Amino acid sequence: MAKALVIINCIILAIGNCGGPLIMRLYFNNGGKRIWFSTFLETAGFPVIFIPLLFSYIHRRRNNNGGENATSFFLIKPRLLGAAIFIGILSGFDNYLYAYGIAYLPVSTAALIIASQLAFIAIFSFFMVKHKFTPFTINAVVLLTVGAAVLGMHTETDKPVHETHKQYVTGFLVTVAAAVVYAFILPLVELAYQKAKQPLSYTLVLQMILCFLASIVSLIGMSIAGDFKALPKEAKEFKLGEVLFYVVAVFSAIIWQGFFLGAIGLIFCTSSLVSGIMISVLLPITEVLAVIFYHEKFQAEKGLSLALSLWGFVSYFYGEIKSDNDKKRIQQEESSLSSRTISEC
Ligand SMILES: Nc1ncnc2[nH]cnc12
């Protein structure tokens, strides 16, 4: 069951992580200009969570042993609700930073910057959830950070022609900020899980609260930026046509749910670090898709950055597998030693 859940979450995450930035960019490439609206679409699809939540509820009802808690639809303790509200609001602002980056950078560049998120997750989860550093983790952190830094050195050849240098640099810095903030959010969610010790349905409820609050933040942003007035005109002038404007918006909301559901679900099944690794591992696929579909340039710096990221991932995975095997070996040695001592007595 646990393995199946990990696999399901990885598949959902893959759809959101690869499809989300591409469909977001599709909007900007075809005349879309509203960053708060894009931010809203990242989380607006949260009602789809009712579907798995309903399945989970029915499952709990069937296996109910008479405990009242086991069948209450919304399982969340007040202190955690407070944490969820804080994380949700923070997510709303983080999503704005992310959408800003996608609006002004090629998707492949944004994806490479976001890959550095793993380094920040490793640092934050060391302090927040006491995840241990190994030399392999440190190697991965350094490689991923250098990978993002290499990208930042030759910005002029990567900048889309219709953009100013200032817009490009702002987009770059804002995307780094999105990576840092999201790297803070993931271990924070893990910390909430550790304190909560609640079942899977809790993941879904937490996810809904986070997305609901992030959507409220975006709606406020949209009204301040005047998006509600501008959107009907933007839809009419959308290069793919008015109908496709709404189709893109709806699919965007659904695909992005895959990202959040997968990322947060993986934290529940494993840890924030594993979730971050999966996000980073999937980013090269996003980059390749962006080059194929949007004919983005893939210059030498991007190749070098990608190579450093992949080296970082391999180093990280190797380190995790090694420390896992070491732990198992020590446990086996300890148990065989204690059984020998008992038989000698
Ligand atoms: N809001 C966000 N912040 C950082 N990384 C992301 N990847 C997708 N959405 C993101």
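Residues numbered from 1 in each chain as written. Predicted model: local features only at pLDDT ≥ 70, side-chain atom pairs only at ≥ 80, totals over all residues. Heavy atoms only, no water.

The name an unreviewed UniProt entry assigns to the protein chain is Probable purine permease, from the organism Camelina sativa. The heading Subcellular location (unreviewed entry) in the UniProt record of the protein chain holds the text "Membrane". (UniProt positions renumbered as here; feature names shortened; annotations may be inferred.)

### Some words on the pattern of salt bridges
In the structure shown here, the tally under the stated rule is five salt bridges. The salt bridge involving Lys-322 is made with Asp-326; its shortest N-O contact spans 3.7 Å. You can see Lys-322 and its partner Asp-326 sitting in helix H14 (residues 300–344), four residues apart, about one turn around the helix. Lys-322 sits in the partly exposed class, given a relative accessible area of 37%. The partly exposed category is assigned to Asp-326, whose relative accessible area is 27%. (Salt bridge = Lys/Arg side-chain N within 4 Å of Asp/Glu carboxyl O. Helix = DSSP H or I, 4+ residues; strand = E, 2+ residues; numbered from the N terminus. Buried < 20%, exposed > 50% of the residue type's maximum accessible area, 1.4 Å probe, protein only.)

### Remarks on the site of the ligand
All residues adjacent to the ligand are Glu-42, Asp-94, Asn-95, Tyr-98, Ile-114, Gln-117, Ala-178, Tyr-182, Trp-256 and Phe-259. Within the side chain of Glu-42, a nitrogen or oxygen atom sits 3.2 Å from a nitrogen atom of the ligand. Taking Asp-94, its side chain carries an N or O atom lying 2.8 Å from a nitrogen atom of the ligand. Taking 260 Å² as the accessible area of the ligand by itself, protein coverage stands at 99%. (Near = heavy atom within 4 Å. Polar contact = N/O pair within 3.5 Å; in protein donor to acceptor, adjacent residues only side chain to side chain. Areas by Shrake-Rupley, 256 points an atom, 1.4 Å probe, with all protein chains shown as cover.)

### Notes on the packing of aromatic side chains
Taken as a whole and judged by the stated rule, the model has 20 aromatic pairs. Consider the rings of Phe-124 and Phe-184, whose centres lie 5.4 Å apart with planes at 70°: the pair is edge-to-face. Here Phe-184 lies in helix H9 (residues 165–196) and Phe-124 lies in helix H7 (residues 117–128), a separation of 60 residues in the sequence. Ring centres 5.1 Å apart and planes at 80° place the aromatic pair Phe-126 and Phe-127 in the edge-to-face group. In this structure Phe-127 comes out as exposed when scored by relative accessible area, which is 59%. Among the aromatic residues, those joined into a cluster by ring pairs are Tyr-27, Phe-28, Phe-37, Phe-238, Phe-245 and Tyr-246. (Phe/Tyr/Trp six-rings, centres within 6.5 Å; stacked < 30°, edge-to-face > 60°.)

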